[in-house]
Amino acid sequence: MQRLIVSGLVASLLLCGVPAGVLAQQRQPPPSKPTEEIKLDEPTTLRAAALEARMSAILANFALLQRQAQDMQQEMSRMLEERKKLIEEAGKKASVEVKDTNEWAFDNKGQRYVKAKRP
């Protein structure tokens, strides 16, 4: 489940974040012998440099988001494992058979786990 959430987050970032052409453009070295070029005047050069800097910052932020998503996925896995152990131990103490820990939901008011009803 957590992989699905993180994958969805990363996919949505990819879809609305950075076009694939921009990523490919950033990774390719410039051609060694340009056959065509566009000369820019000073104001346009400043705008182009600012735009390129902002695009680089967005790419850096995207890489950071990917790393944070990986960290969150690992933390979620640890928490799910801890939750599984907690439910199994509590089930043994209460003499309740726990087949699948994903079937149990925490009732905060009653301070207990209850088996979730499936439709």
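Residues numbered from 1 in each chain as written. Predicted model: local features only at pLDDT ≥ 70, side-chain atom pairs only at ≥ 80, totals over all residues. Heavy atoms only, no water.

**So, the overall build of the chain**
Scanning the chain from N- to C-terminus turns up three helices and two strands. Taken from N to C terminus, the helices and strands of the chain fall in the order α-α-α-β-β. The proportion of buried residues among the 119 residues of the chain is 12%. Sequence-distant contacts in the chain: of pairs separated by 6 or more residues, those separated by 24 or more amount to 45%. (Helix = DSSP H or I, 4+ residues; strand = E, 2+ residues; numbered from the N terminus. Buried < 20%, exposed > 50% of the residue type's maximum accessible area, 1.4 Å probe, protein only. Contact = heavy atoms within 4.5 Å.)

**Brief notes about helix H3 (residues 42–93)**
Along its 52 residues, H3 runs 76 Å from first to last C-alpha, staying within 8% of the 76 Å computed at 1.5 Å per residue. Among all positions of H3, only Met-55, Leu-59, Phe-62, Ala-69, Ile-87 and Gly-91 are buried. Ser-95 sits one or two positions beyond H3 and adopts a positive phi of about 55 degrees. (Expected span 1.5 Å × (residues − 1).)

**Overview of the pattern of salt bridges**
With the rule as written, the count across this model stands at five salt bridges. Asp-71 is paired through a salt bridge with Arg-67; the nearest N and O atoms lie 3.2 Å apart. Placement of the pair is Asp-71 and Arg-67 together in helix H3, with a separation of four residues, close to one helical turn. By relative accessible area, which is 32% here, Asp-71 ends up partly exposed. (Salt bridge = Lys/Arg side-chain N within 4 Å of Asp/Glu carboxyl O.)

**A closer look at the pairing of strand S1 (residues 104–107)**
Note: S1 against strand S2 (residues 112–115), four bridges, orientation antiparallel. The partner of Phe-106 across the bridge, within S2, is Tyr-113. Between S1 and the antiparallel strand that follows it, S2, lie four residues; Gln-111 among them carries a positive phi value of about 50 degrees. (Pairing = 2+ DSSP bridges.)

**As for the confidence of the model for the chain**
Considering every residue of the chain, the mean pLDDT works out to 82; 70% of them sit at 70 or more. Predicted confidence in the chain is weakest over helix H1 (residues 2–16), with a mean pLDDT of 50, and strongest over H3, with 96. (pLDDT = per-residue confidence, 0-100.)

**Focus: the side chain of Glu-103**
Its place among the elements puts Glu-103 in the loop between H3 and S1. Using a relative accessible area of 19% as the deciding quantity, one classes Glu-103 as buried. Of note is the side chain of Glu-103, whose polar atom sits 3.5 Å from the side chain of Lys-115. When near neighbours in sequence (up to four residues on either side) are disregarded, Glu-103 contacts Val-114, Lys-115, Ala-116 and Arg-118. (Polar contact = N/O pair within 3.5 Å; in protein donor to acceptor, adjacent residues only side chain to side chain.)

**Looking at unusual backbone geometry**
Not every positive phi belongs to a glycine, and Ser-95 is a case in point at roughly 55 degrees. Residue classification places Ser-95 among the exposed residues on the basis of a relative accessible area of 68%. In this model, Gln-111 sits at a positive phi of 50 degrees, which is unusual for a non-glycine residue. Among the structural elements, Gln-111 can be located in the loop between S1 and S2. A relative accessible area of 57% places Gln-111 in the exposed class.

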